[in-house]
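Fold and contact review
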Amino acid sequence: RKEVEQDPGPFNVPEGATVAFNCTYSNSASQSFFWYRQDCRKEPKLLMSVYSSGNEDGRFTAQLNRASQYISLLIRDSKLSDSATYLCVVMNYGGSQGNLIFGKGTKLSVKP
Amino acid sequence: DTEVTQTPKHLVMGMTNKKSLKCEQHMGHRAMYWYKQKAKKPPELMFVYSYEKLSINESVPSRFSPECPNSSLLNLHLHALQPEDSALYLCASSQPLAGVAKNIQYFGAGTRLSVL
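Residues numbered from 1 in each chain as written. Chains lettered and ligands numbered in written order. Predicted model: local features only at pLDDT ≥ 70, side-chain atom pairs only at ≥ 80, totals over all residues. Heavy atoms only, no water.

A few words on the interface of chain B and chain A. Tallying the contact residues gives 25 residues for chain B and 22 residues for chain A. Carbon and sulfur atoms make up 60% of the area that chain B and chain A hide from each other, which totals about 1900 Å². Across the contact surface, chain B and chain A share zero salt bridges. Our enumeration of links across chain B and chain A arrives at two residue pairs in polar contact (both at pLDDT 80 or more). Looking at the side of chain B that touches chain A, the elements that each hand over two or more residues are β4 (31–37), β5 (44–50), β6 (53–57) and β9 (87–94) of chain B. Looking at the side of chain B that touches chain A element by element, the count peaks at four residues for β4(B). A breakdown of the residues in the side of chain B that touches chain A according to their chemical character gives 17 nonpolar, seven polar and one charged. (Contact = heavy atoms within 4.5 Å. Buried area = accessible area lost by both parts, 1.4 Å probe. Salt bridge = Lys/Arg side-chain N within 4 Å of Asp/Glu carboxyl O. Polar contact = N/O pair within 3.5 Å; in protein donor to acceptor, adjacent residues only side chain to side chain. Helix = DSSP H or I, 4+ residues; strand = E, 2+ residues; numbered from the N terminus. Nonpolar A, V, L, I, M, F, W, Y, C, P; charged D, E, K, R; others polar.)

The structure is reproduced here in structure tokens:
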């Protein structure tokens, strides 16, 4: 079983749609969780950290369920500029730094 | 714009060449990372430096040699690479573990490497 699994998509949605991405992780000892966004031929950029209490940043809402080892990202009112690959990322602690484990990414394409 | 700067942005090299990739950050981060990313794949961790000491080497072939001259700089020396080493090489930095918010890794724009 892969450490971090996500639906690769692609998700093709119209502008204004609500889209949800799901992710599961296998290491119950994982401590930190993130969603990164990566545009084509660019570097990954942090979209948001994910906490058990859930967190929201504008149109984006992230949820973490530790019992189910499940992470989600909800995007409301999709914009054309949201088109990108969304990477579910889990951090496992080792030594004095955390090591990121990336999912394969979910590709989102928002159409006019 | 990213605060992690990588040079060069693009590099084409032959299998007998020796080249170096450079990464610089001035955020005071004490952990720095090299990742390799192939097309349509997620980044794969290669090396981790923590407080300028190599702490993780993910079984990377010796033709890749990392170096951390100081807390702001990270190099990746390349020698006798193979065509399958062509990829986007990403550098990242973070604070060492001191609370969740400080563990965030910030990525440079990457060096796109082609080995002929």
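Moving on to the state of the cysteines. Using the criterion set out here, one finds two disulfides over all chains in the structure. Paired through a disulfide, C23(A) and C88(A) show a sulfur-sulfur distance of 2.0 Å. Because the torsion about its S-S bond is -80°, the bridge between C23(A) and C88(A) counts as left-handed. Of this pair, C23(A) sits in strand β3 (residues 19–25) while C88(A) sits in strand β9 (residues 84–94); the two residues are 65 residues apart in sequence, bridging distant segments of the chain. Side by side, C23(A) and C88(A) carry an identical accessibility label, which is buried. Disulfide pairing is shown between C23(B) and C91(B); the S-S distance is 1.9 Å. In this structure the cystine formed by C23(B) and C91(B) twists about its S-S bond by roughly -70°; its chirality is therefore left-handed. Residue C23(B) is found in strand β3 (residues 18–25), and its partner C91(B) is found in strand β9; the two are separated by 68 residues along the sequence. On the basis of relative accessibility, which here comes to 1%, the residue C23(B) falls in the buried class. (Disulfide = S-S within 2.5 Å. Buried < 20%, exposed > 50% of the residue type's maximum accessible area, 1.4 Å probe, protein only.)

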